[in-house]
2 protein chains.
Amino acid sequence: MDFISGVKKAETLELSEILDGTRTGQRVRVNGAVHTIRHMGDVAFVILRKREGLLQCVYEEGAAEFDLKKLKEAAAVEAEGVLQDEERAPGGVELRLKTVRILSLPDAPLPLPIAKWKLGTSLEAKLNMRSIALRNIRERAKFKLQEGIVRGFRDFLYAQGFTEIHTPKIGAKSAEGGSNMFRLDYFHRPAVLQQSPQLYKQMMVGVFDRVFETAPVFRAEKHNTRRHLNEYTSLDLEMGYIESFEDIMAMETGFLQYTMELLAREYAKELDICGAVLPKTEQIPAVRFDRAKELVSEKYGRNIRNPFDLEPEEEGLIGRYFQEEYGADFVFVTHYPSKKRPFYAMDDPQDPRYTLSFDLLYHGLEITTGGQRIHDYRTLAQKLAARGMSEEGLEQYLDTFRYGMPPHGGLGIGLERLTMQLIGEDNVRETTLYPRDLSRLEP
Amino acid sequence: MDFISGVKKAETLELSEILDGTRTGQRVRVNGAVHTIRHMGDVAFVILRKREGLLQCVYEEGAAEFDLKKLKEAAAVEAEGVLQDEERAPGGVELRLKTVRILSLPDAPLPLPIAKWKLGTSLEAKLNMRSIALRNIRERAKFKLQEGIVRGFRDFLYAQGFTEIHTPKIGAKSAEGGSNMFRLDYFHRPAVLQQSPQLYKQMMVGVFDRVFETAPVFRAEKHNTRRHLNEYTSLDLEMGYIESFEDIMAMETGFLQYTMELLAREYAKELDICGAVLPKTEQIPAVRFDRAKELVSEKYGRNIRNPFDLEPEEEGLIGRYFQEEYGADFVFVTHYPSKKRPFYAMDDPQDPRYTLSFDLLYHGLEITTGGQRIHDYRTLAQKLAARGMSEEGLEQYLDTFRYGMPPHGGLGIGLERLTMQLIGEDNVRETTLYPRDLSRLEP
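Procedures and definitions
Residues numbered from 1 in each chain as written. Chains lettered and ligands numbered in written order. Predicted model: local features only at pLDDT ≥ 70, side-chain atom pairs only at ≥ 80, totals over all residues. Heavy atoms only, no water. Helix = DSSP H or I, 4+ residues; strand = E, 2+ residues; numbered from the N terminus. Buried < 20%, exposed > 50% of the residue type's maximum accessible area, 1.4 Å probe, protein only. Contact = heavy atoms within 4.5 Å. Areas by Shrake-Rupley, 256 points an atom, 1.4 Å probe, with all protein chains shown as cover. Lys, Arg positive; Asp, Glu negative; His and termini not counted. Charge placed at Lys NZ, Arg CZ, Asp CG, Glu CD. Least-squares fit on C-alpha atoms with pLDDT ≥ 70 in both. Phe/Tyr/Trp six-rings, centres within 6.5 Å; stacked < 30°, edge-to-face > 60°. Lys NZ or Arg CZ within 6 Å of the ring centre and 35° of its normal. Axes fitted to C-alpha atoms, helices over the stretch in contact; angles between N-to-C directions. Parallel < 35°, antiparallel > 145°, perpendicular 65-115°, else oblique. Left-handed = near helix turned anticlockwise from the far one by under 90°. Salt bridge = Lys/Arg side-chain N within 4 Å of Asp/Glu carboxyl O. Expected span 1.5 Å × (residues − 1). Buried area = accessible area lost by both parts, 1.4 Å probe. Polar contact = N/O pair within 3.5 Å; in protein donor to acceptor, adjacent residues only side chain to side chain. Nonpolar A, V, L, I, M, F, W, Y, C, P; charged D, E, K, R; others polar. Pairing = 2+ DSSP bridges.

A. Representation of the overall build of chain A. Looking only at helices and strands, one finds 12 helices and 17 strands in chain A. Counting only C-alpha atoms and orienting by the principal axes, one finds that chain A spans roughly 85 × 65 × 40 Å. Of all 443 residues assigned to chain A, the portion counted as buried reaches 63%. Long-range pairs, those at least 24 residues apart, make up 64% of the contacts in chain A between residues at least 6 apart in sequence. When the accessible surface of chain A is split by element, carbon and sulfur atoms take 47% of a total near 16,900 Å². Charged side chains of chain A number 60 positive and 68 negative; the gap between the two group centres comes to 3 Å.

Structural data, given as structure tokens:
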């Protein structure tokens, strides 16, 4: 009988092992994709792309025991050679090639100049050849940073006593109601895709006190802007036993502090490649919705057209105001009007026209919506009734409150938007692996 | 201007702080849900439920400065009292109550006896009152273990150089083709929900070498069994530069080893509550598909009815065989027939009627399907043609291979099934937070 007993150390080296300086002069084996080949007469530079970065290999006629013509860009290879210090090479080390084993060959020359520092291709072209375009080092690095953000979110919340949950994306009813839902047929029953895990995460606060989820959400909004997606990854949390909705903002601030430290520590290379500057997170100003509107109206001479909503341009100006006045990258805008928040939002007892809620703006773009929720069963039932909403389909949700729930609140963060602002991209599709929008459903 | 500067230490204690033995005799503050109240004459035990477990509080008339009648089961409270060692209390500590602040009150008595050790309620009843049933300590612990499995998966793979990705769940085309897809209208275009991230994770191997995703998948299968769900959480990985498909089984074995150690270390309490016994993962037997069928046919006298498929009963017997003969909890079944595997599966060059693929059985239940994939563009195009499949909608996928891909393979693990087998439940709905099946679409 054969037995499988776990992962064995590979005979090929990873880039970090090659660059650690302990193997100079040694013959080593390494695999990777041929990123580019630069011919220089009798010598050629063969750049291997590995998951951790690029390795400069040198082909020298006579020294190498194979024919360079065998190699093609985009081939997958396993190479053997001798490591030499070379200060002009990335990482200060190069591999003097001896032999090469071809693992696979491409069928056609690359359609994009992926070895260039900046691809210089339109967003459309990049999305139309996503799996090729992302082989560019800079394009790839964006999604490594995105990984770091999700890791930071989870690891911080684990340490804060949160439990990770997995809630269904197909349902009979959605959290926010309204029309912007994708509808499907579920074994001859009408169903929708969830716009958020809102109702589920609230129900789970009564079980785990603190929960989070990192999962896709679906919005059938007909916006076609640089910041809207019809499917995105939402970083959601919900926490019980809060004293006030400031506890939720404090938790988000803690997440940002933790995550920026994680990125600085473990993703420094990708930050550098993307030219990303970590934002300041020590303290984040919090300003009331109505006050924020006044401030930007006064400073930038912009009329308040709609006292109940923030237009994107207004969000941009709020970001600019707090950047200029306080050097702040983030700003919490608090106390959104009740009529603009969903039924579960808790109204401010001091002025029920407003809610104990907030958005977080990052360089003038909303990346989070959050707030305290109603936890009292009767208050919740009354609010539903006052809005003319039906309790149908909300029975289990409402029963959760009927049988006792602590004061609680939470938030949802748009992962792709947060990544976009961190890197300073101007379109959220740049930081979405395979965007879904009004025109894009493939691949 | 107000500023938010991060998470502050709460004035209330967590259970681990209470139980660390350093505060005996001290007056402390703690919050939680009133799990149950047991009246014993002038004394009453008030059990508080917190995310880390239960805390025994003692109400003594005269000593406490409030009226016990104020308290109700399922209320959320903040209590103050003095900690005393008490060996009969869980954790060896109890809180002698002084004051209680009510944070919220339920509107009705609990419909389930959640304070009992085993709920003793039907699965149907539990699912119909999910957010209440999970307040039971044992029901809740299952999902804490599920969290541990996902954590183990991610943390192990990060350490193995994998990159986490987020792929779209709405698409124009699905990986496996076939009819078991949920269909929806995407802005007047036909769309489907992805059955797996298969095509996306393969495309990303050309970018990151090794990728993983933990996300929902959707299967419109009309099975109504104890092991099928129509939406589940799939733990997916895909890795390049493999020498053979054994590398993928080795990676899965490594994940299981890492995760069982993580559970033993950080989830011992929940393992104990659920009575779960960690499976043996040191070495996992691997047996060919055809050989496995012979072995169970010989030993258990069962005729081989279909040489190309494993029936659930046969899987059960294979599990039993390897349990009896090798003391194995897991067994890899390898070399599945080509006609039963999708187009991207790599056929065995030594006998193309079979594939370089595997399933992993855990106590006789399939929890993983995996294998090596075709990485050569022409071979892939030929296989599609030979199956009479169209390339339409697969253009970006195929181009990924046209422009070079390393040898690679991967797997998908059903999280709910793995959790079910670990705990020894007999229905996958027991370990699914909100199951979606033929009849259940709510809440």
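Past the structure itself, the notes keep going.
B. Region of interest: the relation of the copies chain B and chain A. Screw-axis analysis of chain B against chain A gives a translation of 0.0 Å along the axis, an RMSD of 0.0 Å, and a rotation angle of 180°. When the rotation and shift are considered jointly, the pair of chain copies conforms to a two-fold rotation axis. Ranked by how close their C-alpha atoms come to the rotation axis, the residues of chain B are headed by B:Leu184, at 2.3 Å. Most of the interface of chain B is mirrored in chain A: 100% of its interface residues are interface residues there too.

C. Region of the structure containing the packing of aromatic side chains. Across all of its chains, the model carries 36 aromatic pairs over all chains by this definition. Here the aromatic rings of B:Tyr186 and B:Phe187 are separated by 4.9 Å at their centres, their planes lie at 70°, and the arrangement is edge-to-face. The residues B:Tyr186 and B:Phe187 share a single accessibility class, namely buried. An aromatic cluster of at least three residues, connected via ring pairs, comprises A:Phe3, B:Tyr321, B:Phe322 and B:Tyr326. The lysine or arginine in question, B:Arg151, covers the ring of A:Tyr158, its NZ or CZ lying 4.2 Å from the ring centre.

D. Local environment of the packing of helix H4 (residues 137–159) of chain B against helix H6 (residues 246–266) of chain B. Residue and element names in this part refer to chain B. Interaxial distance between H4 and H6 falls to 8 Å at its minimum, and their mutual angle equals 130°. It follows from the interaxial angle that H4 and H6 lie oblique. With respect to the hand of their crossing, H4 and H6 are arranged in right-handed fashion. Residue-level contacts link Leu145, Gly148, Ile149, Arg151, Gly152, Phe153, Asp155, Phe156 and Leu157 of H4 to Met251, Gly254, Phe255, Tyr258, Thr259, Leu262, Leu263 and Glu266 of H6.

E. Quick look at unusual backbone geometry. The peptide bond linking A:Glu442 to A:Pro443 adopts the cis configuration, its omega dihedral lying at -5°. When you line up the elements, A:Pro443 lands in the segment after helix H12 (415–423). The residue B:His335 is not glycine, and still its phi comes out positive at about 60°. Along the chain, the position of B:His335 falls in the loop between strand S14 (330–334) and strand S15 (347–348). Although it is not a glycine, B:His363 adopts a positive phi angle of roughly 50°. On the secondary structure map, B:His363 appears in the loop between strand S17 (357–362) and strand S18 (365–373).

F. Local environment of the pattern of salt bridges. A full pass over the atoms with the stated rule returns 91 salt bridges over all chains. Residues A:Glu14 and A:Lys50 are paired through a salt bridge, measuring 3.8 Å at the closest nitrogen-oxygen approach. Residue A:Glu14 is located in the loop between strand S1 (2–4) and helix H1 (15–18), and its partner A:Lys50 is located in strand S3 (residues 43–50); the two are separated by 36 residues in the primary sequence. A salt bridge links A:Arg302 to A:Glu314, with the nearest nitrogen and oxygen atoms 3.9 Å apart. Note that A:Arg302 is positioned in the loop between helix H8 (289–300) and helix H9 (312–326) and A:Glu314 in helix H9, a separation of 12 residues in sequence. For the pair A:Arg302 and A:Glu314, one class covers both residues: buried. Bridged by salt links that share partners, the residues A:Glu11, A:Arg27, A:Arg29, A:Glu78, A:Glu80, A:Arg101 and B:Glu243 form one connected network.

G. Representation of the environment of B:Pro407 within the structure. Among the secondary structure elements, B:Pro407 is positioned in the loop between helix H11 (395–402) and strand S19 (408–414). For B:Pro407, a relative accessible area of 7% translates into the label buried. Each C-alpha atom, one on B:Pro407 and one on B:His375, is 5.5 Å from the other, the two residues being 32 residues apart in sequence. Setting aside residues no more than four positions away along its own chain, B:Pro407 makes contact with A:Leu103, B:Met239, B:Gly240, B:Tyr241, B:Ile242, B:Gln372 and B:His375.

H. Helix H9 (residues 312–326) of chain B, seen in detail. Residue and element names in this part refer to chain B. An ideal rise of 1.5 Å per residue puts 21 Å on 15 residues; H9 measures up with 21 Å between its terminal C-alpha atoms. Every buried residue of H9 is accounted for by Glu314, Glu315, Leu317, Ile318, Gly319, Tyr321 and Phe322. Where H9 is buried, its residues meet strand S13 (284–288), helix H8 (289–300), S14, S17 and S18. One or two positions beyond H9, positive phi appears at glycine 327, with a value near 60°.

I. Structural detail: the environment of B:Val150. If you trace the backbone, B:Val150 turns up in helix H4. On the basis of relative accessibility, which here comes to 0%, the residue B:Val150 falls in the buried class. Through-space distance from the C-alpha of B:Val150 to that of B:Leu415 is 7.7 Å; in sequence the pair is 265 residues apart. Aside from chain neighbours lying at most four places away, what touches B:Val150 is A:Glu164, A:His166, B:Thr214, B:Leu235 and B:Leu415.

J. Examining the interface of chain B and chain A more closely. Between chain B and chain A, the residue contacts involve 126 residues of the former and 126 residues of the latter. Note on chain B versus chain A: buried area summed over both sides is about 10,400 Å², and carbon and sulfur give 59% of it. Among the residues of chain B in contact with chain A, B:Ile4, B:Tyr403 and B:Leu441 are the three that bury the most area, contributing 8% of the side total. Along the contact surface separating chain B from chain A lie six salt bridges. Measuring nitrogen to oxygen at the nearest pair gives 2.6 Å for the salt bridge that ties A:Glu164 to B:Arg154. Run the count over chain B and chain A and you get 64 residue pairs in polar contact (both at pLDDT 80 or more). For the side of chain B that touches chain A, the element with the most residues is H4(B), which contributes 10 residues. Taken together, the residues that form the side of chain B that touches chain A break down as 64 nonpolar, 28 polar and 34 charged. Here strand S13 (residues 284–288) of chain A runs beside strand S1 (residues 2–4) of chain B; their pairing, made up of three bridges, is antiparallel. Counted as the bridge partner of A:Pro285 is B:Phe3 from S1(B).

Read these as spatial facts, not as claims about activity.
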